[in-house]
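Architecture at a glance
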Amino acid sequence: MKKQITEIRFHGRGGQGAKTAADLLAQTALEAGKHIQSFPEYGPERAGAPMRSYVRISDEVIDLHCGVSNPDIVAVIDPTLLSINPPVTEGVGKEGILLVNTNEKPEDIRKKLNFKDGTVYTVDATKIAYEETGLPLPNTAMLGAIIKATGIITIDHLKDQLTKKLGKKLSPEKMAGNIKAITKAYDTAVKG
Amino acid sequence: MSKILPLTGDHAASESMRQINPDVVAAYPITPATEIVMSFSQIVANGLADTEMVPVESEHSAMSACVGASASGVRTMTATSSQGLALMWEVLYIAAGMRLPIIMHCVNRALSAPINIHGDHSDGMGARDTGWIQIYCENAQEVYEMGIFAVRVAEHKDIMLPVMVNQDGFITSHAIEGVKMFEDADVKKFVGEYVPNMPLLDVKNPVTFGPIDLQDYYFEHKFQQAQAMRDSKKRIVELFAEFNKFSGKKYELVEQYKMEDAEIAILALSSTCGTTRVVVNELREKGIKAGMIKIRVFRPFPMDEVAAACKNLKALAVLDRADTCSGEGGAVFGDVCTAIYNLNEKKVPAINYVYGLGGRDIDEAQIKNIFNELVDIAKTGQVKTVLNYSGVRI
């Protein structure tokens, strides 16, 4: 029953937009007719503290109301979290996908984390975000890479949702920058 | 076409409040109910509801203002959590004793000390004897729907009692799920216009609320209040039938999942029921006859329905997300045992699990362990320990 659900865990630091990214992903899937859950792990909320955010996406009603312990996809928004304990790969199975925001190669990340099975993707999301939006906020770019790695939603759906959700908050230039960042991350994410 | 919106449990509550458009909301924000108060304030400020929003200086004042507003004869709502509910304490009894149909969203959270902002049922369970009707919700969809349903329950002329709609702090209140919405006009029609029975502000027909009531009549009034709670069960069942017709849902006082031929079962409240349902499905695939009982309406206590659900079981575990500190476990367990003892010829061996205090996660593994123990009890008929704890380092 459970494997009909795709479970995603985001690792970020407070203020980097991991929750916003998780919400955007879930809301985009909802618009595409899926059942969704998106919930952050609330600890002592403060900028810079390690935090996790979870997303479940399914064709069926989602009854589970516990944390995600065996994610299908792990998205590491802040590469400095690669050294945390428990490791970001905790609970990831053989079919699992690890996606890291880094300028390193997938092989190097695999070695560093001793991550033997599963698939590794890397993308330099912070650099892309900085170039396209002028801000080092890699969350939207990471979503582009997640789409590349999973195909769980489409890039057009995500762009629509981003415009809908942040259109009022962001200037047209910033919005265009974010959309460019998504596309660029999609195009440059590397599998290894 | 009805829309499906991405809403947290808190926003599901405030969206239902927008559609109900109550006359008065008096509230003080407290985590994790803050977003209900915050978003409903925005709704009022944006002119999407013409509610008189009363921002007060404490929860004691919030409930006091609700009592005053409701007694004056208007539809009144509020929201709170944990310490906020605790600070409302004396006024909760007054609201119920004065038979005021106030509706409250209670986002269940642990009580201090130690201080903790996360979900457990300590607040709601502590208020179980205040005379409020209590409904416990599994997810955001139920929060939305029960928030609307509660209006009809509270204001039913044969009930006239305040209603508390409970959801799990953070687990439900801060998780985004898809919530299928009713049309505004349909909700307006379903809840209808509130016509108060004897409003305080009807100066042509003056009445007194809350006067002193000593040895001569206090007992009779308390008996009437308790009788109203007893009688409300039948009315709530009728209202569920009406709501189900309105919504296409199948709400009942007690939900039974795969209980027709179940030999072992877990009884629980709120979000844990969903995770339990997933485990029941897994066990069924292995040929284990497991089931789940969910108490939706905890006050009035559905004694007959709970006893009937447990009638053919070989072993039962009752999950409590609050410890009474009586030394003998949780409140739900006590009530369930009373039902079985009074109404069932065959007394099923029952155990209690206190779990999830202060937001400690309860996952499938913990629920599987409890079911494993039930398998043993069903086989041997022997209960090792009645009171158990799940997910705690002892």
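Overview of the structure. Note that the structure is predicted; figures quoted are calculated from it, not measured. (Residues numbered from 1 in each chain as written. Chains lettered and ligands numbered in written order. Predicted model: local features only at pLDDT ≥ 70, side-chain atom pairs only at ≥ 80, totals over all residues. Heavy atoms only, no water.)

Section: the interface of chain B and chain A
Note the following rule: The contact criterion used throughout is that any non-hydrogen atoms of two residues lie within 4.5 Å. Within this document, salt bridges are pairs made up of a side-chain nitrogen of Lys or Arg and a carboxyl oxygen of Asp or Glu, the two lying within 4 Å of each other. Residues adjacent in sequence count toward polar contacts only when both atoms are side-chain atoms; beyond that, a polar contact is any pair of N or O atoms within 3.5 Å, and within protein one must be able to donate a hydrogen and the other to accept it. Helix and strand definitions follow DSSP, with helices as H or I runs of at least four residues and strands as E runs of at least two, each counted in order from the N terminus.
Taken together, the contacts link 24 residues of chain B with 16 residues of chain A. Here chain B and chain A share 1 salt bridge between them. The partner of D63 of chain A in a salt bridge is R277 of chain B, with the nearest N and O atoms 2.9 Å apart. In this structure, the connection of chain B to chain A is made through 6 residue pairs in polar contact (both at pLDDT 80 or more). Within the residue set of the side of chain B that touches chain A, elements represented by two or more residues are β1 (4-7), β8 (176-180) and α10 (272-285) of chain B.

Points about the layout of surface pockets
Note the following rule: Computed over the protein atoms alone on a 1 Å grid, cavities are sets of points where a 1.4 Å probe fits but cannot get out and pockets are open sets with protein on both sides within 12 Å along at least five of seven lines; a residue lines them when it has an atom within 4 Å of a point. Grid points are joined across faces, edges and corners, and a volume is the space filled by probe spheres set on the points. When residues are grouped by polarity, Ala, Val, Leu, Ile, Met, Phe, Trp, Tyr, Cys and Pro land in nonpolar, Asp, Glu, Lys and Arg in charged, and all others, Gly among them, in polar.
Quantified by volume, the largest pocket comes out at close to 1100 Å³. Lining the largest pocket are 39 residues, with H35, V61, I62 and D63 of chain A together with N139 of chain B positioned closest to its centre. Listed by contribution, the elements that provide at least two residues to the lining of the largest pocket are α1 (18-31) and β2 (35-40) of chain A together with α7 (140-155), β8, β9 (254-257) and α10 of chain B. In the lining of the largest pocket, the residues fall into 13 nonpolar, 9 polar and 17 charged.

Notes on the packing of aromatic side chains
Filter applied, for reference: Only centres within 6.5 Å qualify two rings of Phe, Tyr or Trp (six-membered ring in Trp) as a pair; their planes then separate them into stacked at under 30 degrees, edge-to-face at over 60, and tilted for everything else. By the criterion adopted, a ring carries a charge over it if an Arg CZ or a Lys NZ lies within 6 Å of its centre and within 35 degrees of its normal.
Evaluation of the coordinates by the stated rule reveals 13 aromatic pairs over all chains. With a centroid separation of 4.7 Å and 25 degrees between ring planes, the pair formed by F190 of chain B and F246 of chain B is classed as stacked. Taken together, the positions of F190 of chain B in helix α8 (residues 184-191) and F246 of chain B in helix α9 (residues 218-247) put the pair 56 residues apart, joining distant regions of the chain. Put simply, the rings of Y144, F149, F182, F190, F240, F243, F246 and Y251 of chain B touch in pairs and so form one group of aromatic residues. Lying over the aromatic face of Y186 of chain A, K148 of chain A brings its terminal NZ or CZ to 5.8 Å of the ring centre. The residue whose ring lies beneath R152 of chain B is F190 of chain B, and the NZ or CZ to ring-centre distance is 4.9 Å.

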